[in-house]
Amino acid sequence: MEYKVKDTGLADRGKMHIEWAESRMPVLMHLRDKFSSQKPLKGQKIAGCLHVTKETAVLVKTLVIAGAEVAWSGCNPLSTKDDVAAALAVEGFPIFAWHGMSVEEFYWAIEKTIEIKPTLTLDDGADLINTIHQKHTDLAKEVIAGTEETTTGVHRLRSMEKAGALLYPVIAVNDAETKWDFDNVYGTGQSSIDGILRATSILLAGKKFVVAGYGHCGRGTAFRARGMGSHVIVAEIRPIQALKAVLDGFEVMPMDEAAAIGDIFITATGMKDVIVGRHFEKMKDGAVVCNTGHYDVEINLDDLQELSKEKKEVRPNNEEYTLTDGRKIFVLAKGRLVNLAAAEGHPSEVMDMSFANQFLSLIRCAREGKNLDLRVHDIPVEQDQELARLKLETMGIKIDALTNDQIIYRDDYTAGT
Ligand SMILES: NC(=O)c1ccc[n+]([C@@H]2O[C@H](COP(=O)([O-])OP(=O)(O)OC[C@H]3O[C@@H](n4cnc5c(N)ncnc54)[C@H](O)[C@@H]3O)[C@@H](O)[C@H]2O)c1
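Attention in this report is confined to the structure presented alongside it. (Residues numbered from 1 in each chain as written. Predicted model: local features only at pLDDT ≥ 70, side-chain atom pairs only at ≥ 80, totals over all residues. Heavy atoms only, no water.)

### Some words on the sheet that holds strand S3 (residues 95-96)
The strand order across the open sheet formed by 7 strands is S3-S2-S1-S4-S5-S6-S15, and the pairing between neighbours is parallel. Two strands lie at the open edges of the sheet, namely S3 and strand S15 (376-377), each paired on one side alone. Bridging between strand S1 (residues 45-49) and strand S2 (residues 69-73) involves 5 bridges; their strand directions are parallel. Note on S2: the bridge partner recorded for Ile46 is Val70. Contacts between helix H6 (residues 127-135) and the sheet are confined to S1, strand S4 (120-123) and strand S6 (170-172), with S4 contributing the most and set at about 130° to the helix. (Pairing = 2+ DSSP bridges. Helix = DSSP H or I, 4+ residues; strand = E, 2+ residues; numbered from the N terminus. Contact = heavy atoms within 4.5 Å. Axes fitted to C-alpha atoms, helices over the stretch in contact; angles between N-to-C directions.)

### Description of a nonpolar patch on the surface
A cluster of nonpolar side chains, Leu243, Val246 and Leu247, forms an exposed patch at the surface whose accessible area comes to about 320 Å². Among the structural elements, Leu247 can be located in helix H12 (residues 239-247). (Patch = residues over 30% accessible without salt bridge, like charges linked within 9 Å, V, L, I, M, F, W, Y side chains within 5 Å. Areas by Shrake-Rupley, 256 points an atom, 1.4 Å probe, with all protein chains shown as cover. Salt bridge = Lys/Arg side-chain N within 4 Å of Asp/Glu carboxyl O.)

### Quick look at the site of the ligand
Lining the immediate environment of the ligand, one finds 27 residues, of which Thr151, Thr152, Trp180, His216 and Glu236 sit closest. In the environment of the ligand, an oxygen atom lies 2.5 Å from a nitrogen or oxygen atom belonging to the side chain of Glu236. When isolated, the ligand has an accessible area of 860 Å², and the protein chains bury 89% of it. Contributing elements (two or more residues each) for the shell around the ligand: helix H8 (151-162), helix H10 (183-200), helix H11 (216-227) and helix H16 (338-341). Within the shell around the ligand, the residues separate by chemical class into 9 nonpolar, 16 polar and 2 charged. (Near = heavy atom within 4 Å. Polar contact = N/O pair within 3.5 Å; in protein donor to acceptor, adjacent residues only side chain to side chain. Nonpolar A, V, L, I, M, F, W, Y, C, P; charged D, E, K, R; others polar.)

### Topic: H10
Here H10 spans 24 Å end to end across 18 residues, near enough to the 26 Å set by a 1.5 Å rise per residue. Downstream of H10 by one or two residues, Ser201 has phi in the positive range, about 60°. (Expected span 1.5 Å × (residues − 1).)

Written as structure tokens, this is what we have:
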């Protein structure tokens, strides 16, 4: 079995991390048990391109227990946890991922997973699907269907669908309520703060904390930053999101104004060039800048480089840029996802639901894939509700149910006051 990871000597530590995650992912573990004898993924070859974290390892092992053959790469050059990758390699999984890989190595790793000749694909950001669509159209015919984990990936796949370029159906796991409204909000919120703290160790209380993008990830991060005592400022482009931020009690202003005020900046938009040269020109000495949105495109580091006379790493995942006027700006995790590069990504408890959705969606792809229309599909509402129900059950929380009488009353359009 072929693999490429940083150091297999880290495997024991990785194994312990995976076991820890398993103990915190009761819904996925319940589904693992449920499907271990049925083996609904038997005969399926799954190529996966998803952050190599302890939670992903739990998913990978679950897919194999359900009968699949897998080949895996990370979906971000800085997000791989080398100990987890080592544990997977030592256990016999074909995994091609290590922290700090170059962009060329990143695409090389994707190519290695495609050698499996996948029947199903799992993406986070659509890089694997794109590679298959651009370079392996012959293999695309053999792919029954795929799944996509994140907002930007789903957006791109919907563009491909519109352009008639999609070669096989895809399920938008990101858009499940039990994913988007939990993983992106509570997961990104907590883990982004965790990444900032690990990379800087600064006090958040009293700081002006600028969040660009008040969508799911931005909102989660804004609330967590406020919880730590920061004064949060939001920059948005959509009026409704901006209004929500105002009514949630945050200050809202364009980035051009926030740039001069902020102590800490975080982007969570999925868009490129959210912080560019003219913003760096206004920033205070000592400002900290990071991204928790998409790739490394949200902060324009070429612009910052041009304004700088010196750059040095001052702590892990923290680079100090000294501008020609002497001001210093600190960039975390090279502008890549701060929560995954500088911390451990989302807590296992929240990935439990995201990856339960992935697992059930891949089973759906295997069962119904040949009959799925050639488009981007949503998760069935019943799956979402069932996963929420299971999650509550594992937390020991009971909820009410409508009585028959209440159901009749709800549907009775003749009832008045
Ligand atoms: N860090 C992580 O682990 C993680 C987890 C999930 C999603 N993501 C990524 O984070 C990004 C955001 O995801 P989301 O689910 O919050 O999306 P979303 O669509 O809910 O929110 C994005 C928000 O950014 C705003 N926006 C777009 N361009 C902007 C600009 N130039 N300036 C200010 N605001 C702008 C949009 O109006 C929107 O409200 C995506 O790229 C997604 O793939 C990262």
